[in-house]
Protein chains: 2
Amino acid sequence: MRAIDRRTLLVASVGLGLSVWTGDLARAQSDPLPSWNDGATKKSITDFVARVTTQASADFVPPDQRIATFDNDGTLWIEQPMYVQLAFILDRVKALAPLNPGWATTQPFKAVLDGDMQALAASGEKGLMELMAATHAGMTTDEFHKIVSDWLASARDPKYKRPYTELIYQPMLELLTYLRANGFKTFIVSGGGIEFMRPWVEKTYGIPPEQVVGSSIKTRFQMRDGKPVLFRLPEINFIDDKTGKPIGINEHIGRRPIAAFGNSDGDLEMLQWTTLAGGVRFGLIVHHTDAEREYAYDRQSHFGKLDKALDAAAANQWTVVDMKRDWKRVFPFQ
Amino acid sequence: MRAIDRRTLLVASVGLGLSVWTGDLARAQSDPLPSWNDGATKKSITDFVARVTTQASADFVPPDQRIATFDNDGTLWIEQPMYVQLAFILDRVKALAPLNPGWATTQPFKAVLDGDMQALAASGEKGLMELMAATHAGMTTDEFHKIVSDWLASARDPKYKRPYTELIYQPMLELLTYLRANGFKTFIVSGGGIEFMRPWVEKTYGIPPEQVVGSSIKTRFQMRDGKPVLFRLPEINFIDDKTGKPIGINEHIGRRPIAAFGNSDGDLEMLQWTTLAGGVRFGLIVHHTDAEREYAYDRQSHFGKLDKALDAAAANQWTVVDMKRDWKRVFPFQ
């Protein structure tokens, strides 16, 4: 009986060992970044993650400090032929125009109603925020959440004829998952409206609302029929772009990221803030080089202009993703 | 051999069953809230948690929506004879007074230098924020972090002669741990300065910096000798008190809490926002009734005034903690 017990134990042990071994093998064989072509770009990511997550490494970073911040427009999802939120704004301006006759002669509203994209882009981030305040205010936060969700359910991108939430970058989705699997906490830090993103980013990127930093308008607390609401006011509260990004990061997260991902000059200060204060840090710029599968644009673009940050990437040894060369595919549906 | 295999299996199964059973027993026997006396107050907490965490329950709330917000001053740590941050401010004002001769004749600075607590309290939250701006600005965020940490290491409370970070409420620490063990994400939402809290709340409460909402001053991004810093400006950015609490919650967290914990009129709107929009929700007010072990104060207090919120608690069926009756001990060291 004793011998048989031993045999039972042995079989059990071998079975256990085998399952551990096959588990390791499966993990080793499954590439966590399958949509990234092998090469220096991909290696820079996996090398960084290995350095900061290896306990024996001098560069080890404890999990609670593994903060990674991602721009949204042009970094996680499409931003051409215009910011998605701008497409939303155009629809809202057109819908609200009959109630606001003055808009026909006032910029940036006139540009929207005339379909004059040049004039609209020229109004810049500030013009965009004016449009946001005018079209995003005058309702409760819950009502706005519903307006955004309803719009996203029906709106289609002009080029791909798909919902915008499908026009997200598959390699970046894999990167988000890979970082989280390695103990990182992933945040969005976007010039886009914080309340425009929150209704859909959790389902789309696995990033919960409390890990979203963005531009915002002011709100007012009110009791309505005994129920508390937050009413959205036509007044800009914060613009989370350029120097606003490190400010927003400090305010919302309260510690410095160790990795930051962007694609335009609006991300320059976030990348500086993240990478230039010492320690092993990681900065990455998505360079849109693929006119065939997506769009090719950089220094001259009205949306997602990448000029100073491209020069800074070379100077600071940030990784620059060449979409055409580095990505096996761009969108999940391809 | 077949019989013996069966017997081995049986022994293994019984062993497994036994360990599961003893595990349950150990869990059932260990009270997660040992510093709370048994009674209606404690039961209201455990009943709520059971309702929202039981999958079969109609009131089940998925873990990602189990957001709980806690005021800090008077709810998690002491706020008498004055807010701890005010004690910090007094020290800073005294240290900086020689460089600011005008303060001797200008309120609220005069009150600080004269030691006139009545005049100081009369200047209210606004006066406090003026003092904050004047004493908390003019340095980088990293420098301020160090100033706060150094001060907390040496400062002692006048009554207990202990570091302020020991003057935290043991029953509330247990409550934080209990909620987190039940899948809740715990946040601080305080009128106190967000950057005054972040250096120490993770070690003290287990709440990471990114789960802290508080009052703030504006910062400016600068490059200094090639290193990015955020410079603190003497300009108020946000006051996270009263109606500011739901606004701050919405901005930082982006979803409505299902449980909120406070102790003063400054928490009224947070409790309304949390509990009055439908669903099974939980509101709790810590009522300071124990003059012997701590302090007894409510409707007439200069700090942590509890008046309207106490009436609202009765009207809205929020739990009111009677510290003297409900808490076995107040501080961890007792």
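The structure we're discussing is the one just above.
Residues numbered from 1 in each chain as written. Chains lettered and ligands numbered in written order. Predicted model: local features only at pLDDT ≥ 70, side-chain atom pairs only at ≥ 80, totals over all residues. Heavy atoms only, no water.

Novice: Even after reading the chapter, I still don't get the overall build of chain A, so can you show me in this structure?
Specialist: When you go through chain A residue by residue, the secondary structure sums to 13 helices and eight strands. Each principal axis of the C-alpha distribution contributes one length, and for chain A these read about 90 × 55 × 40 Å. Each of the 334 residues in chain A was classed as buried or not, and the buried ones make up 52%. In chain A, once contacts between residues fewer than 6 apart in sequence are set aside, the share between residues at least 24 apart is 67%. Accessible surface computed for chain A: about 14,500 Å², of which carbon and sulfur atoms make up 55%. (Helix = DSSP H or I, 4+ residues; strand = E, 2+ residues; numbered from the N terminus. Buried < 20%, exposed > 50% of the residue type's maximum accessible area, 1.4 Å probe, protein only. Contact = heavy atoms within 4.5 Å. Areas by Shrake-Rupley, 256 points an atom, 1.4 Å probe, with all protein chains shown as cover.)

Novice: Sorry, what's going on with the interface of chain B and chain A here?
Specialist: Note on interface size: it is often stated as the accessible area lost on association of the parts. Every contact between the two is made by 46 residues of chain B and, on the other side, 45 residues of chain A. Here chain B meets chain A over a buried area of about 3,600 Å², counting both sides, of which 51% is carbon and sulfur. Broken down residue by residue, the surface that chain B buries against chain A is led by B:E210, B:F221 and B:E251, which jointly contribute 18%. In this assembly, chain B and chain A are joined by 22 residue pairs in polar contact (both at pLDDT 80 or more). Elements represented by at least two residues in the side of chain B that touches chain A include exactly helix 1 (2-29), helix 7 (141-154), strand 2 (185-193), helix 9 (194-205), strand 3 (212-224), strand 4 (227-238), helix 10 (244-252) and helix 11 (268-275) of chain B. Its residues assigned to classes, the side of chain B that touches chain A comprises 18 nonpolar, 13 polar and 15 charged. (Buried area = accessible area lost by both parts, 1.4 Å probe. Polar contact = N/O pair within 3.5 Å; in protein donor to acceptor, adjacent residues only side chain to side chain. Nonpolar A, V, L, I, M, F, W, Y, C, P; charged D, E, K, R; others polar.)

Novice: Just to check I follow, could you spell out the relation of the copies chain B and chain A for this structure?
Specialist: Between the two copies of the chain lies a rotation about an axis combined with a shift along it. Note on the identical chains: chain B maps onto chain A by a rotation of 180° and an axial translation of 0.0 Å, with an RMSD of 0.0 Å. One copy is carried onto the other by what is essentially a two-fold rotation axis. For chain B, the residue whose C-alpha comes nearest the rotation axis is B:H252, separated from it by 3.1 Å. Taken as a fraction of all interface residues of chain B, those also at the interface in chain A reach 98%, which identifies the copy contact as same-surface. (Least-squares fit on C-alpha atoms with pLDDT ≥ 70 in both.)

Novice: In this structure, what is going on with the pattern of salt bridges? I would like to understand it.
Specialist: A side chain of one charge can pair with a side chain of the opposite charge when the charged atoms of the two come close. Tallied over the full model, the rule gives 42 salt bridges over all chains. Measuring nitrogen to oxygen at the nearest pair gives 3.5 Å for the salt bridge that ties A:D142 to B:R256. A residue pair is termed interchain when its members come from two chains, as with A:D142 in helix 7 (residues 141-154) and B:R256 in the loop between helix 10 and strand 5 (259-262). In this structure, A:R299 engages A:D311 in a salt bridge whose closest nitrogen and oxygen atoms are separated by 3.1 Å. (Salt bridge = Lys/Arg side-chain N within 4 Å of Asp/Glu carboxyl O.)

Novice: Before we go on, may I ask you to explain the environment of B:A277 in this structure?
Specialist: Position of B:A277 relative to the elements: it lies in the loop between helix 11 and strand 6 (282-287). You can call B:A277 partly exposed: its relative accessible area is 36%. Sequence separation between B:A277 and B:P246 is 31 residues; the distance between their C-alpha atoms is 13 Å. In contact with B:A277, not counting residues within four places along its chain, are A:K227 and B:R256.

Novice: Can you help me understand the sheet that holds strand 2 of chain B in this one?
Specialist: Whenever strands of a sheet pair, they do so through backbone hydrogen bonds, lying parallel or antiparallel. Across the sheet, which stays open at both edges, the seven strands sit in the order 4-3-2-1-5-6-7 (chain B) with mixed pairing between neighbours. One side of each edge strand has no neighbouring strand; the edge strands of this open sheet are strand 4 and strand 7 (319-322) of chain B. Strand-to-strand twist in this sheet, taken as the mean axis angle between neighbours without regard to direction, amounts to 30°. Bridge analysis of strand 6 of chain B against strand 7 of chain B gives four bridges, and the strand direction is parallel. Note that in strand 7 of chain B the partner of B:H287 across the bridge is B:D322. Set on the sheet, helix 10 (residues 244-252) of chain A makes contact with strand 3 and strand 4 of chain B; between it and strand 3 of chain B the angle comes to about 150°. (Pairing = 2+ DSSP bridges. Axes fitted to C-alpha atoms, helices over the stretch in contact; angles between N-to-C directions.)

Novice: Just checking my understanding: could you explain the pairing of strand 1 (residues 67-70) of chain B for this structure?
Specialist: Regular strands place their side chains on alternate faces of the sheet. Residues and elements named next belong to chain B. Where burial is concerned, the two faces of strand 1 agree: the one with I67 and T69 and the one with A68 and F70 are both buried. Alignment of strand 1 against strand 2, held across four bridges, turns out to be parallel. The residue bridging A68 from the neighbouring strand is T186, located in strand 2. By the bridge criterion, three bridges tie strand 1 to strand 5 in an arrangement that is parallel. Its bridge partner being in strand 5, F70 is matched across the sheet by F261.

Novice: Would you mind going over the packing of aromatic side chains with me for this structure?
Specialist: Aromatic ring pairs: the centre-centre distance and the angle between the two ring planes describe each pair. According to the stated counting rule, one finds 38 aromatic pairs over all chains in the structure shown. Their ring planes at 15° and their centres at 5.5 Å tell us that A:W151 and A:Y164 sit as a pair that is stacked. Of the two residues, A:W151 sits in helix 7 while A:Y164 sits in the loop between helix 7 and helix 8 (170-181), which places them 13 residues apart along the sequence. For A:W151, a relative accessible area of 10% puts it in the buried group. One aromatic cluster is present, built from ring pairs that chain together A:W36, A:Y160, A:Y169, A:W327, A:F331 and A:F333. Directly above the ring of B:F333 sits B:R162, whose terminal nitrogen or CZ lies 3.8 Å from the centroid. (Phe/Tyr/Trp six-rings, centres within 6.5 Å; stacked < 30°, edge-to-face > 60°. Lys NZ or Arg CZ within 6 Å of the ring centre and 35° of its normal.)

Novice: Mind showing me how you'd approach the side chain of B:E269 here?
Specialist: By the secondary structure assignment, B:E269 is in helix 11. Of the side chains bearing the opposite charge, B:K308 lies closest to the buried B:E269, which forms no salt bridge; the N-O distance is 7.0 Å. Apart from residues lying up to four places away in sequence, B:E269 is in contact with A:F221, B:K242, B:T243 and B:P246. (Lys, Arg positive; Asp, Glu negative; His and termini not counted.)

Novice: Can you help me understand the pairing of strand 4 of chain B in this one?
Specialist: Residue and element names in this part refer to chain B. Judged from the eight bridges that link them, strand 3 and strand 4 form a sheet pairing that is antiparallel. Residue pairing across strands places M223 opposite P228, the latter belonging to strand 4. Count of turn residues in the strand 3/strand 4 antiparallel hairpin: two residues, of which D225 carries a positive phi of about 50°.

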